[in-house]
Amino acid sequence: NTSSAVTIETTTPSQILSKNWNVQYGELVKARYWSNTWEKYRNVIVLLPPNYDSSKQYPVMYALHGLNQDETYLIGDGNSGFRIMLGNMINQGLAKEMIVVFPYIFASKTMDQASGFDDISSAAYDNFINELTNDLMPYIKKTYSVAEGRNNTAITGFSMGGRESLYIGYKLQNQIGYVGAIAPAPGLTPANDWASSHKGMISESEFKFAQDPNVLMICCGTADSVVGTFPKSYHDILTRNGESHYWWEIQGSDHGDPAVTNGLYNFCKAIFK
C-alpha cells in the first residue's frame, strides 16, 4: 500500500511550468528505431535528464499519447510543458532524474495511423505491448544508460495511451513497477460507449495485480466530454478488487490540459522514490 507516500495536488504549481534561466533542462532526442515486430522504422522522442551522464544509470518512464496523436503530443515543442516542468521538478528535488520515452504507439504492419475509434484501430494500439517488449525497450537499453528492473521502470499515458498503460502495467507486472493513466479510454474491461461496444482485454474481476505496483494512479478532468465516467469506472473496479491506488479529478478540465499536465506532475513526483 502506497497511500501515505504521495500527496496528490489537484492543481499544478504554476512556477513549476515556467522556464527559469538558472535551471538546466534535459535534451530532447528525436530518433527512429527498427521494429522487427512490424518490419518498419518507428519514431520515438527521448527526453534525457539534465546533465545526462552515461556513467550513471537512470530509471525510465514510458509516456503514451492518445488516439490520433503522435509521439510529440505529450512533449509539445519542448520549449514549455513537460520538458520544462520535469526539469524544474528535478532541480527542486520533487522528481528523480529519469529518462522519459515518448513512443508512437499505433502499432500495425499495414496501417500507419488510426482510421477512427474502431476495433481495427483499437487492436493496433493494443498491439503496442509487443513492440514495447520486443523492440523499444531493447533499443532504449542498448542506446542509453538505464537502470533495469521493475523498481526503475514506469509507464503512463493519456486517453488511449492511458488505457494501454493500464493494460501494459497489468500484463508486465514483473517488469514495470509504476503505472499511471490520465483520462484512460474505455476498452480495458468490457464496456459500451457512444462509439462502439468494447469486448475488453481483461475482465473486471481480473483487474487486480498479483504483484502490486509501487504506484498506481488514475486521474481525469471533471468536465471530460470524451471519456466521461470511464476513468472513474476503472477506479471503482480497482476499489472493488481491493487494489490500492490513487484516484483524483481535476476540476473543470476537459479531455486535455490541465488534466494532462497535472497527471504527469503527480506521477513524476511519485515514481522512483
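Rules of the game
- Residues numbered from 1 in each chain as written.
- Predicted model: local features only at pLDDT ≥ 70, side-chain atom pairs only at ≥ 80, totals over all residues.
- Heavy atoms only, no water.
- Pairing = 2+ DSSP bridges.
- Helix = DSSP H or I, 4+ residues; strand = E, 2+ residues; numbered from the N terminus.
- Axes fitted to C-alpha atoms, helices over the stretch in contact; angles between N-to-C directions.
- Phe/Tyr/Trp six-rings, centres within 6.5 Å; stacked < 30°, edge-to-face > 60°.
- Buried < 20%, exposed > 50% of the residue type's maximum accessible area, 1.4 Å probe, protein only.
- Polar contact = N/O pair within 3.5 Å; in protein donor to acceptor, adjacent residues only side chain to side chain.
- Contact = heavy atoms within 4.5 Å.
- Right-handed = clockwise from strand over helix to strand, strands pointing away.

(A) Structural context of the sheet that holds strand β1 (residues 28-35). Strand order in the open sheet formed by 8 strands is β1-β2-β4-β3-β5-β6-β9-β10, with mixed pairing between adjacent strands. Each of the sheet's edge strands pairs with one partner strand only, and the pair in question is β1 and β10 (246-250). Ignoring which end each strand starts from, the neighbouring axes of this sheet average 20° apart. Across 8 bridges, the pairing between β1 and strand β2 (residues 40-47) is antiparallel.

(B) Molecular detail of the packing of aromatic side chains. In the structure shown here, the tally under the stated rule is 11 aromatic pairs. Relative to Phe-207, the ring of Tyr-170 has its centre 6.4 Å away and its plane inclined at 70°; by these criteria the two rings are edge-to-face. Taken together, the positions of Tyr-170 in helix α4 (residues 160-171) and Phe-207 in the loop between β8 (197-198) and β9 (215-221) put the pair 37 residues apart, joining distant regions of the chain. Of the two residues, Tyr-170 and Phe-207, neither departs from the other in class, the shared state being buried.

(C) Here's a closer look at the side chain of Thr-156. With respect to the helices, strands and loops of the structure, Thr-156 is situated in strand β5 (residues 153-157). Among the polar contacts made by the side chain of Thr-156, one reaches the main-chain carbonyl oxygen of Gly-180 at a distance of 3.3 Å. Non-local contacts of Thr-156, meaning those with residues more than four positions away in its chain, are made with Met-61, Tyr-62, Ala-63, Leu-64, Ser-165, Gly-180, Ala-181, Ile-182, Leu-264 and Phe-267.

(D) Looking closely at the pairing of β9. Counting buried positions along β9 gives 7 out of 7 residues, so the element sits mostly inside the fold. One ladder, built from 5 bridges, connects strand β6 (residues 178-182) with β9; its direction is parallel. Directly across from Ile-182, in β9, lies its bridge partner Cys-219. Of the pairings in the sheet, the one linking β9 to β10 comprises 5 bridges and is parallel in character. The residue of β10 that forms the bridge with Cys-220 is Glu-249. Regarding the hand of the β-α-β motif, the stretch spanning β9, helix α5 (residues 230-240) and β10 is right-handed.

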